[in-house]
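Coordinates in review
Each chain, letter by letter, is given below.
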Amino acid sequence: MEQTDGPGQIIILNGAPRSGKSSIAAAIQASFEGLWMNLGVDRFMQATPERYRPGIGLRPGGERPDLEPFIVLLYGAMYESIAAHSRLGLNLVVDVGHHDAYAVPRGILYESARRLAGLPVLFVGVRCPLEVIIERRRATWGVPEGAEEAPVPRPVLLWQSEVHIPGVYDLEVDTSTRSPNECAEVIRHCLEHGPAPSAFQRLAAMKATGQPDPASG
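Residues numbered from 1 in each chain as written. Predicted model: local features only at pLDDT ≥ 70, side-chain atom pairs only at ≥ 80, totals over all residues. Heavy atoms only, no water.

1. Digging into the overall build of the protein chain
For the protein chain, the count of helices and strands is eight helices and five strands. Counting from the amino terminus, helix and strand elements in the protein chain follow one another as β-α-β-α-α-β-α-β-α-α-β-α-α. Expressed as a percentage of its 217 residues, the buried residues of the protein chain come to 41%. Partitioning the intrachain contacts of the protein chain with sequence separation of at least 6 by distance along the chain shows that 78% fall at a separation of at least 24. In the form shown here, the protein chain has an accessible surface area of approximately 10800 Å², with 54% of it arising from carbon and sulfur atoms. (Helix = DSSP H or I, 4+ residues; strand = E, 2+ residues; numbered from the N terminus. Buried < 20%, exposed > 50% of the residue type's maximum accessible area, 1.4 Å probe, protein only. Contact = heavy atoms within 4.5 Å. Areas by Shrake-Rupley, 256 points an atom, 1.4 Å probe, with all protein chains shown as cover.)

2. Some points on empty space enclosed by the protein
Under the counting rule described, the total for this entry stands at one cavity of 30 Å³ or more. Of the pockets and cavities examined, the largest cavity occupies roughly 30 Å³. Partitioning the lining of the largest cavity into residue classes produces seven nonpolar, three polar and no charged. (1 Å grid on protein atoms, 1.4 Å probe; cavity = no way out; pocket = protein on both sides within 12 Å on 5 of 7 lines; lining within 4 Å. Points joined across faces, edges and corners; volume = space filled by probe spheres on them. Nonpolar A, V, L, I, M, F, W, Y, C, P; charged D, E, K, R; others polar.)

3. Remarks on the sheet that holds strand β3 (residues 91-96)
A sheet is described by the order of its strands in space; here five strands give the open sequence β2-β3-β1-β4-β5, paired in parallel fashion. At either margin of the open sheet sits one strand with a lone partner, and together these are β2 (36-38) and β5 (171-174). The mean inter-strand angle of the sheet, taken between neighbouring strand axes irrespective of direction, is 25°. Taken together, the five bridges between strand β1 (residues 10-14) and β3 define a ladder with parallel strand orientation. Bridge pairing links Leu13 to Asp95 in β3. Sitting on the sheet, helix α3 (residues 68-87) touches β1, β2 and β3, and the angle it makes with β3 is about 160°. (Pairing = 2+ DSSP bridges. Axes fitted to C-alpha atoms, helices over the stretch in contact; angles between N-to-C directions.)

4. Concerning the layout of surface pockets
Volume-wise, the largest pocket comes out at about 390 Å³. Along its surface, the largest pocket is lined by 20 residues, and Pro17, Arg18, Lys21, Ser22 and Asp42 are the ones closest to its centre. If you list the elements that add at least two residues to the lining of the largest pocket, you get α1 (21-31), α2 (41-47) and β3. Of the residues assigned to the lining of the largest pocket, the class counts are eight nonpolar, seven polar and five charged.

5. Details of the packing of α3 against helix α4 (residues 108-115)
Orientation of α3 relative to α4, taken along the N-to-C sense of each, is 25°, at an axis distance of 9 Å. Taken together, the axis directions place α3 and α4 in an arrangement best described as roughly parallel. The way α3 lies across α4 gives a crossing that is right-handed. Across from Ile71, Val72, Tyr75, Gly76, Tyr79, Glu80, Ala83 and Arg87 in α3, the residues of α4 making contact are Ile108, Ser112 and Arg115. Split by residue class, the contact of α3 with α4 holds six nonpolar, two polar and three charged. (Parallel < 35°, antiparallel > 145°, perpendicular 65-115°, else oblique. Left-handed = near helix turned anticlockwise from the far one by under 90°.)

Laid out in structure tokens, this is it:
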């Protein structure tokens, strides 16, 4: 994707932690033509004060209702920043983990889609089987002695079940069967050969329940 005079292309990678989103984002930045900025969840977590962390990285389960109003604001700020970069002609790749399993539903994904109305967005679901996620977690953080047979932590299970709701994507990739570079090539092919992305348009027309909003018809 070369730089153009119009808005920059936006690629949003959505998946659970350790699913491989960051590696795909790095592959896109390294191999796609033109300047690609990364404004994903890790960047915004680093910019968030310690007492409000993990910010937009808050895991499913509703365990920090005190943070949820701030998370709504932070997502709004992130997507407004994404929109501003695109309107200036900058391409972006954004790795996130959208879910709505808060203490109360927040409808953040649908509001985020509305913030990017009129801009070119490819929404990619990054899938990875639970057993591979567990192995990657063990490789990254190690396995305490005697923990090999421990039950899978509830937050990990919740991520797997919640992050792909409602499952409206332009494209899905599985990082257990493709390398980051191979996933990047699948994304490149989709951008270059179509069909035209429409997932964020459909999400923008949904209510917080994940159902089409009659008022948008």
